[in-house]
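# Topology and contacts: notes
Here is how the chains run, residue by residue.
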Amino acid sequence: MDNLLELLVERIGEKRAEHSIRVMDTAVKLASHYSSDINKARIAGALHDCAKYRDKSYLLKRASDFGIILDKTMIINYQLIHGPLGAKVAEDEFGIEDEEILDAIRYHTTGRENMSLLDKIVYMADYIEPSRNFSGVELARQLAFKDLDESLIYAMNNTILDLIKTNKLIHLDTIKARNYLVSKKLYSSLNL
Ligand code: DGI
Ligand code: FE
Ligand code: FE
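A short tour of the structure in this document, coming up.

About the thresholds
- Residues numbered from 1 in each chain as written.
- Chains lettered and ligands numbered in written order.
- Predicted model: local features only at pLDDT ≥ 70, side-chain atom pairs only at ≥ 80, totals over all residues.
- Heavy atoms only, no water.
- Helix = DSSP H or I, 4+ residues; strand = E, 2+ residues; numbered from the N terminus.
- Rg over C-alpha atoms; globule rule 2.2 N^0.38 Å.
- Buried < 20%, exposed > 50% of the residue type's maximum accessible area, 1.4 Å probe, protein only.
- Contact = heavy atoms within 4.5 Å.
- Areas by Shrake-Rupley, 256 points an atom, 1.4 Å probe, with all protein chains shown as cover.
- Lys, Arg positive; Asp, Glu negative; His and termini not counted.
- Charge placed at Lys NZ, Arg CZ, Asp CG, Glu CD.
- Salt bridge = Lys/Arg side-chain N within 4 Å of Asp/Glu carboxyl O.
- Polar contact = N/O pair within 3.5 Å; in protein donor to acceptor, adjacent residues only side chain to side chain.
- Axes fitted to C-alpha atoms, helices over the stretch in contact; angles between N-to-C directions.
- Parallel < 35°, antiparallel > 145°, perpendicular 65-115°, else oblique.
- Left-handed = near helix turned anticlockwise from the far one by under 90°.
- Nonpolar A, V, L, I, M, F, W, Y, C, P; charged D, E, K, R; others polar.
- Donors = N, O, S within 2.8 Å, 3.2 Å for Na, K, Ca; no water.

## Here we look at the overall build of the chain
- Assigned secondary structure in the chain consists of 11 helices and zero strands.
- Written out in order from the N terminus, the α and β elements of the chain read α-α-α-α-α-α-α-α-α-α-α.
- For 192 residues, the compact-globule estimate of 2.2 N^0.38 gives 16 Å, and the chain sits close to it at 16 Å.
- Each principal axis of the C-alpha distribution contributes one length, and for the chain these read about 50 × 35 × 30 Å.
- Taking all 192 residues of the chain together, the buried fraction comes to 45%.
- Taking all contacts inside the chain whose residues are at least 6 apart in sequence as the whole, residues at least 24 apart take part in 61%.
- When the accessible area of the chain is evaluated, it comes to approximately 10,300 Å², of which 51% is carbon and sulfur surface.
- Considering the chain, the positive charge centre built from 26 side chains and the negative charge centre built from 29 side chains are found 6 Å apart.

Written out as structure tokens, the structure reads:
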């Protein structure tokens, strides 16, 4: 773990590595609360932003070197690339082989349809880590430990509303992730 954190600082700098450690600690708390694998939460939390490079051309080059197929939304909103690229970098540079961990890294920004428990933990840990201070974060923190799916819907609604307000493209995985959770909730309330 020490080695992993050292390598992380080298790759993404101290500030982002500190955020990653806060996400790791929050992911561990959520994993323990929901009886999920703590070690996987620790590694996925620590590495979720391992490809958060600033430079657009570097992101595009590395994605292309790994053969990652980027859609239009990702090319225009190039910050979205660090999810799928992060999964490849975690495997290639950090030696992570566990597909569940790699998927949690891959989908940590958009989410996806039918997210795994680990995907949800990393997504919410990133959203509520202690230095986040947007309005509504306190409610998100409470919900995350009370009803994980409800907290995801809350976080995704806020994210999508922000994207609309700033006229950004919404990635299909973001929509699919939210629709899946909202349908699940509607179906369960209808007892179907
Ligand atoms: O890497 P972090 O900053 O820690 O957090 P993150 O990976 O969750 O990225 C958050 C950003 O991603 C936030 O500014 C909103 C943006 N985002 C999430 N879903 C979408 C999106 N941006 C676009 N354009 N489309 C999306 O669907
Ligand atoms: Fe991220
Ligand atoms: Fe992050």
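Next, the rest of the story.
## Comments concerning the pattern of salt bridges
- For the coordinates displayed, the defined rule picks out 15 salt bridges.
- Taking the shortest distance from any N to any O, the salt bridge between Glu-138 and Arg-141 comes out at 2.9 Å. Taken together, the residues span about one helical turn, with Glu-138 and Arg-141 both in helix H9 (residues 137–146) at a distance of three residues.
- Its relative accessible area of 48% is what places Glu-138 among the partly exposed residues.
- Among the ionic pairs, Lys-185 bridges to Glu-150, the shortest N-O distance being 3.2 Å. Placement of the pair is Lys-185 in helix H11 (residues 172–190) and Glu-150 in helix H10 (residues 148–165), with a sequence separation of 35 residues.
- Among the residues examined, Glu-150 registers a relative accessible area of 24% and is labelled partly exposed.
- Via salt bridges that share partners, Glu-10, Arg-11, Arg-62 and Glu-93 belong to a single interconnected network.

## Observations regarding helix H7 (residues 99–106)
- All buried positions along H7 are accounted for by Ile-101, Leu-102, Asp-103, Ala-104 and Ile-105.
- For H7, the secondary structure elements touched by its buried residues are helix H3 (38–47), helix H6 (82–94) and helix H8 (117–128).
- For H7, the capping residue at the N-terminal end is Asp-98, with a side-chain oxygen 2.9 Å from the backbone nitrogen of Glu-100.

## A look at the packing of helix H1 (residues 2–12) against helix H2 (residues 14–33)
- At a minimum axis separation of 7 Å, H1 and H2 run at an interaxial angle of 135°. Taken as axis vectors, H1 and H2 run oblique relative to one another. When you trace H1 past H2, the crossing you get is right-handed. Across the interface between the two elements, Leu-5, Leu-8, Val-9 and Ile-12 of H1 pack against Glu-14, Arg-16, Ala-17, Ser-20 and Ile-21 of H2.
- A class-by-class count of the residues in the contact of H1 with H2 yields six nonpolar, one polar and two charged.

## Here we look at the coordination of the iron ion (ligand 2)
- Bound to the iron ion (ligand 2) on the protein side are Asp-49 (OD), His-82 (NE2) and His-108 (NE2), at distances that span 2.1 Å.
- Mapping the donors of the iron ion (ligand 2) onto the primary sequence gives the spacing D-x32-H-x25-H.
- Separating the iron ion (ligand 2) and the iron ion (ligand 3) is a distance of 3.6 Å, and Asp-49 donates to both of them. You can see Asp-49 sitting in the loop between H3 and helix H4 (56–65) and its partner His-82 sitting in helix H6, a full 33 residues away along the chain.

## Re the environment of Arg-62
- One can find Arg-62 in helix H4.
- Spatially, the C-alpha atoms of Arg-62 and Ile-81 are 9.9 Å apart, while their sequence positions differ by 19 residues.

Nothing here speaks to function; it is geometry throughout.
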